[in-house]
Amino acid sequence: IRDSLYTDSFLSIHFPYPPVHEQQAIAAFIQKERTEMLQMESLLIRSIELAKERRAALITAAVTGQIAMEDMDK
C-alpha cells in the first residue's frame, strides 16, 4: 500500500532553512566560486586550443623537413 502526499498535507510540512543573511552569504559564495570556475574553464579551453595549434605546427614542421625527426624525441 502506497501513501499519497496530497497538496494540503504537503504544504503543511515545515522545512528548516538558514536565516536570510546566511542565505545571502551562501549565494554570494556560490556566485564567486562560479565566476572563478568559468574563468578557469576559459583558460583551460584556450590552453587546449594553443596545444592543438602547437601540435599542428610541429607536425607541419616535421613533414616539411624544417625539423629533423631525431629532434622529436628531445
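Residues numbered from 1 in each chain as written. Predicted model: local features only at pLDDT ≥ 70, side-chain atom pairs only at ≥ 80, totals over all residues. Heavy atoms only, no water.

Caption draft 1: Inspection of the overall build of the protein chain at higher detail. Along its length, the protein chain carries two helices and zero strands. For the protein chain, the proportion of its 74 residues judged to be buried stands at 3%. Total accessible area on the protein chain is roughly 7,300 Å²; 62% of this is exposed by carbon and sulfur atoms. (Helix = DSSP H or I, 4+ residues; strand = E, 2+ residues; numbered from the N terminus. Buried < 20%, exposed > 50% of the residue type's maximum accessible area, 1.4 Å probe, protein only. Areas by Shrake-Rupley, 256 points an atom, 1.4 Å probe, with all protein chains shown as cover.)

Caption draft 2: Structural context of the pattern of salt bridges. On inspection of all chains with the given rule, the structure shows three salt bridges. A salt bridge links Lys-32 to Glu-33; the shortest N-O distance between them is 3.9 Å. When its relative accessible area of 45% is taken as the criterion, Lys-32 is described as partly exposed. A relative accessible area of 27% means that Glu-33 is categorised as partly exposed. Here the residues in one salt-bridge network are Lys-32, Glu-33 and Glu-36, joined through shared partners. (Salt bridge = Lys/Arg side-chain N within 4 Å of Asp/Glu carboxyl O.)

Caption draft 3: Seen up close, helix α2 (residues 20-63). Between its first and last C-alpha atoms α2 spans 64 Å; for 44 residues at 1.5 Å apiece the expected length is 64 Å, and the two agree. Of the residues one or two after α2, Gly-65 is the one with positive phi, at around 80°. (Expected span 1.5 Å × (residues − 1).)

Caption draft 4: Spatial organisation of a nonpolar patch on the surface. A cluster of nonpolar residues, Phe-10, Leu-11, Ile-13 and Phe-15, forms a patch on the protein surface that exposes about 430 Å² of accessible area. By the secondary structure assignment, Phe-15 is in the loop between α1 (7-11) and α2. Owing to a relative accessible area of 55%, Phe-15 belongs among the exposed residues under this scheme. (Patch = residues over 30% accessible without salt bridge, like charges linked within 9 Å, V, L, I, M, F, W, Y side chains within 5 Å.)

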